[in-house]
Each structure stands twice: as C-alpha cells, then as structure tokens.
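Next come the chains, spelled out residue by residue.
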Amino acid sequence: MHTAYPPPEALLPFVSFFYEIKWERKDYGEKIEEFILPSGMGFMVFQYSGSIYGRSIGGKKPFVPKCYTTGQQINAYTLTSDDEIVALIGVAFKPAGLRKLFGFDMHTLVDTPLSTESLLNVNLTKLSHQLERTTDPQERISMVEQLLLDRVDRANKTSPMVDLGLEMMYESYGCIQVREVSDKLNVSMRYFQKKFKEVVGIPPSTFNRIVRFNNLFSEIDMNAQNDYASLGTLYNYYDFSHFYKDFKKYCGHTPREFHIERFKFIQEVFVKDSLFIKNVQTL
C-alpha cells in the first residue's frame, strides 16, 4: 500500500511528492520483496516500522540505514525484508532537488543509500521515535516536511541551464538527443554534460535513457499481451535489439521472461498511477 502527498509551496522547487508505504509479509511468500525501477528522482526515506535491505541487479546486499538518502538509481533493484510489517515515510526529490536543497555531492549518492544523519550532521533519534509513536499519516508527513523546511533558507543555487535541459528531456518523453538539448541551450555538449552530472549525479544521456524507459514502461498493459516492438518504435528505439537491451538492463529479464504480476509496487507506481511520470515538473 502506498499513498502520495503533495509538498507545501515552499518545497515545490525541490520535492515532487511525499509518500507513505506499508508492506505486510502476509501479502507475500517467505519474505517481503518488491522490484524497483530507476525513477530519475532522489529519495530520503524514514523507516518507522521494520527494516529493508536492497540489492541491485547482479549487485551486493548493501546496508540500508534506518533513515537514508539516495540519489539517482541507474540500475533496477529489489527491496526485501524478513519483518512482518515494513512501514516508511519517503520524500521523492526532483532530479536537481537534493543538490539544490542540501548541496550534496551527487556522485556519491548514485545507487548508494547513505545515512541521512551523517549527510546532514544531525541526530534523528527524536524524529525516529516520533514517527514510530504517531498514528496519523499526515502528522508523520508534517514532521518530515519540517526537517526540509528548516533548510530552505540555506538552499543552493544551481545552473538554470540544467533545469531547462531536464524539462526538455521530460517533455520529449526521453526521446530527444542530448546534443539537441545542448544546441537549444546554446552551450557546448561537453559543458552541458559536466554541469548536468554535477547537479544530478549522472550523465544526461543516462538520465534521458531512464526517462524514456519509464515512459515506455507506463504504457504496459498488465491485462493483455503487449506489443513490445510497437512500444519500442513509439519511443524511438531504432531497432528491437536496442529496446531488448534496455528492457533487460532495467528489468533483469527479457520482455518474454518478465512477469509484472509478481510485483505489486511497480504495478501501482510505475504503471497504474505513473507517479514518476505525472510528478516530473522541474522548474
């Protein structure tokens, strides 16, 4: 179960949405397990019941702090727990939001959940206890909102060029070429790549690829046989092998082998609600 909440006006330049998730082991097999696609956003997560660990496709099982922050995900990963219930509050940041609000070195956060306490140099024990004791979801959201609102006056300015480039990528559904973006911005491609990676954490070509695949994935019909060749053409994949390669990279399986019905979370947030497509305003 997940619920999304809009951010207050003061956080709109940084945050796409807040969310609460609750997973119960009784709804799964031996353990809670959910598959997550790269979304183009950064996250700050506060686990207030149970705990999760994550594993990228082909990767190791990293330690996941109780309160953690992570930047861009360039690989799909699974979230797993042996607890009976996992419940958490999260913040989904706009692609440049973490850099703007906190000035983080975004390279260090790529595919890496780091302790929010260490990153912010604050003690979150009191907040964690309050989140555990509170039964009202909106009150939990307000607590996390306040942590961010306290930082707004110290927010960092980043290059408007990167925001404009992000907007072009989203408006084109990830189908625009990065060189076309830099040409429209009237800057060299090398300069745009450098500034983009500084603000977002990954190269613009990698980010653009994620946006395109997210848009394509949101078109999947969960109740029918999908025409992946037509979907690939719709999103400017120049041949089926190119689409096949991306699908296997992000889903860990070929289109024929991938069974979306196994994963409730991506059905809900990447297909039915398409949260990461609907909440992409960057400016």
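The following paragraphs examine the structure supplied in this document. (Residues numbered from 1 in each chain as written. Predicted model: local features only at pLDDT ≥ 70, side-chain atom pairs only at ≥ 80, totals over all residues. Heavy atoms only, no water.)

1. Quick look at the overall build of the chain
Reasoning step 1: A count of helical and extended segments in the chain gives 12 helices and 9 strands.
Reasoning step 2: Since a compact globule built from 283 residues should have a radius of gyration of about 19 Å, the 19 Å found for the chain is in line with a globular shape.
Reasoning step 3: With respect to the principal axes defined by its C-alpha atoms, the chain has extents near 55 × 45 × 30 Å.
Reasoning step 4: Relative to its 283 residues, the chain shows a buried fraction of 53%.
Reasoning step 5: Residue pairs at least 24 apart in sequence account for 72% of intrachain contacts in the chain once pairs closer than 6 positions are excluded.
Reasoning step 6: Approximately 13,600 Å² of the chain is accessible, and the part contributed by carbon and sulfur atoms is 48%.
Reasoning step 7: Side-chain charges of the chain comprise 33 positive and 34 negative groups, with the mean position of each set lying 6 Å from the other. (Helix = DSSP H or I, 4+ residues; strand = E, 2+ residues; numbered from the N terminus. Rg over C-alpha atoms; globule rule 2.2 N^0.38 Å. Buried < 20%, exposed > 50% of the residue type's maximum accessible area, 1.4 Å probe, protein only. Contact = heavy atoms within 4.5 Å. Areas by Shrake-Rupley, 256 points an atom, 1.4 Å probe, with all protein chains shown as cover. Lys, Arg positive; Asp, Glu negative; His and termini not counted. Charge placed at Lys NZ, Arg CZ, Asp CG, Glu CD.)

2. What about the packing of helix α8 (residues 204-217) against helix α10 (residues 240-251)?
Reasoning step 1: In the contact formed by α8 and α10, the axes pass within 11 Å of each other and the chain directions differ by 90°. Between α8 and α10, the crossing angle belongs to the class labelled roughly perpendicular. In this structure, α8 contributes Thr-206, Arg-209, Ile-210, Arg-212, Phe-213, Leu-216 and Phe-217 to the contact, and α10 contributes His-242, Phe-243, Asp-246, Phe-247, Lys-249, Tyr-250 and Cys-251.
Reasoning step 2: Residues belonging to the contact of α8 with α10 are distributed by class as follows: 8 nonpolar, 2 polar and 4 charged. (Axes fitted to C-alpha atoms, helices over the stretch in contact; angles between N-to-C directions. Parallel < 35°, antiparallel > 145°, perpendicular 65-115°, else oblique. Nonpolar A, V, L, I, M, F, W, Y, C, P; charged D, E, K, R; others polar.)

3. Notes on the sheet that holds strand β1 (residues 2-5)
Reasoning step 1: Pairing within the open sheet is antiparallel, and its 6 strands lie in the order β1-β2-β8-β4-β6-β9. What marks the edges here is a single partner per strand, and that holds for β1 and β9 (114-115).
Reasoning step 2: Here 2 bridges tie strand β6 (residues 67-70) to β9, and the two strands are oriented antiparallel to one another. What sits directly across from Thr-69, in β9, is Leu-114. (Pairing = 2+ DSSP bridges.)

4. Quick look at the environment of Met-143
Reasoning step 1: Within the fold, Met-143 resides in helix α4 (residues 137-149).
Reasoning step 2: A relative accessible area of 18% places Met-143 in the buried class.
Reasoning step 3: Residues Met-143 and Leu-127 lie 16 residues apart in sequence; the distance between their C-alpha atoms is 7.5 Å.
Reasoning step 4: With residues near it in sequence (within four places) discarded, Met-143 still touches Leu-127, Gln-130, Leu-131 and Thr-134.

5. Notes on the packing of helix α5 (residues 160-171) against α8
Reasoning step 1: One can describe the packing of α5 onto α8 by two numbers: an axis separation of 9 Å at closest approach and a directional angle of 35°. As α5 runs across α8, the sense of the crossing is right-handed. On α8, the residues that touch Leu-166, Met-169 and Tyr-170 of α5 are Pro-204, Phe-207, Asn-208 and Val-211.
Reasoning step 2: Tallied by class, residues from the contact of α5 with α8 come to 6 nonpolar, 1 polar and no charged. (Left-handed = near helix turned anticlockwise from the far one by under 90°.)

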